[in-house]
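Residues per chain, in single letters:
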Amino acid sequence: MMISVGVMVGSFRETVQVWLDSQLRADIFMRAQGPATAGIYPPIAASVPEIVRRTTGIAEVDTFHAFEIQYQGTRATFGAGNMDIVRRRRSLRFLTGNANDILASLSDHDRAIVTEPFADKHHVHVGDVLQIPLATAIVPLTVAGIYYDYSSDRGFVLVDQSTLLKYLPNQPVTNVAVYTQPGVDTTKVRRDLEAGLSDFPLMIAPNDVLRRGAVEVFDRTFAVTYALEAVAIVVAMLGAANSLLALVLDRRREIGLIRYLGAAAGQ
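Caption draft 1: Structural view of the confidence of the model for the protein. Of all residues in the protein, 98% attain a pLDDT of 70 or more, and the chain-wide mean is 90. Across the protein, element-level confidence peaks in strand β4 (residues 111–115) with a mean pLDDT of 96 and bottoms out in helix α1 (residues 2–23) with 85.

Caption draft 2: How the structure looks around the sheet that holds strand β8 (residues 175–180). If you trace the nine strands from one edge of the open sheet to the other, you get β5-β6-β4-β7-β3-β2-β8-β1-β9, paired in mixed fashion. Of all strands in the sheet, those with a lone pairing partner are β5 (129–134) and β9 (202–206), marking the two edges. Adjacent strand axes in the sheet meet at a mean angle of 30°, parallel and antiparallel pairs treated alike. With four bridges connecting them, strand β1 (residues 28–32) and β8 associate as antiparallel partners. Within β8, the position partnered with M30 by the bridge is V176. Contacts from helix α7 (residues 186–196) reach β1, β2 (58–71), β8 and β9, with the element oriented near 20° to β1. Against the sheet, helix α8 (residues 207–221) makes contact with β1 and β9, and its axis sits at roughly 85° relative to β9, the strand it touches most.

Caption draft 3: Representation of the nonpolar core within the structure. Within the largest apolar cluster, 22 residues are counted, with the highest numbers of intra-cluster contacts made by F78, V114, F118, L130 and I132. Counting residues per element, the ones that place at least two in this core are β2, β3 (74–81), β4, α5 (116–122), β5, β6 (137–147) and β7 (156–160). With four residues, the single largest contributor to this core is β6. If we ignore the near neighbours within four places in the chain, the residues touching V114 are A119, V124, L130, V143, G145, I146, Y147, F156 and V157. Core analysis: the next-biggest nonpolar cluster, separate from the first, contains 17 residues, M30, V176, L193 and I204 among them.

Rules used in this analysis
Residue indices follow the written sequence of each chain, beginning from 1 at its first position. At least 70 in pLDDT is required for a residue's local features to be given in this predicted model, at least 80 for side-chain atom pairs to be given and counted, and no such filter applies to totals for whole chains, interfaces and linings, which use all residues. Processing note: side-chain calculations cover all non-hydrogen atoms of the structure and skip hydrogens and water entirely. pLDDT measures the predictor's confidence residue by residue and takes values from 0 up to 100. Numbering of helices and strands runs from the N terminus, with a helix taken as a DSSP run of H or I at least four residues long and a strand as a DSSP run of E at least two residues long. Criterion used throughout: strands pair if DSSP finds at least two bridges between them. To get an axis, fit a line to the C-alpha atoms, keeping to the stretch in contact for a helix; angles then go from 0 to 180 degrees between the N-to-C directions. Any two residues whose heavy atoms approach within 4.5 Å at even a single point are treated as in contact. Each nonpolar core is a collection of buried residues, namely Ala, Val, Leu, Ile, Met, Phe, Trp, Tyr and Cys, held together in the definition by side-chain atoms within 4.5 Å. Accessibility here uses a 1.4 Å probe with only protein chains present; expressed as a share of the type maximum, an area under 20% marks a residue as buried, one over 50% as exposed, and anything in between as partly exposed.

Pasting the structure below:
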């Protein structure tokens, strides 16, 4: 039991770390202040991305739009980002298919990619057409690929920004990913961003803070496995003691006879 639990948790932890390495490629991440709850995506002021782009040391800025939708009676998240940046930065891993080809096919087309939890929950496969409610219309989106994701069991449906803005031109930005120029001090860039965006209620976090926070959440989640290992040890000890006691009790008559014949207690 101890070995199986240890292998399971170790495998999960390694998988999450690999996913974090591929998912969190940007150097700095931003979101509006508010509750960090699934399905809640507070908007960011429209002027924030331009201020970020003008900051010294910034190479690229990837804006992300996210909001909750209802799909087949369950809640899911619909999102849109700059898939060209995602493709060049290689920040998504797909179950099957070439990531470059899949991401390149999204721009200016009614095509989407979905997370593995979404595909499992709704039995979605590559090539299926999703009927997604956007504004007052039901938009058919062809599934171009399924990618790994462990951030939410609700599932994500992602499209390129060009597709989202075609149907929802005024959809606000909810997240910003910042890529700094090579050799630039990321800490200094973050401080410059905090100073330049002090008038906006934003949460600005560097890459390493998010990674460390995610691993800490994982470790707290599986802390109960230490209790399971302790239970396994106690059960094993009780089992061994019970077996030894049963052997002694079964031999009480034999031991008594040996003592009667003159054997010492040590013998």
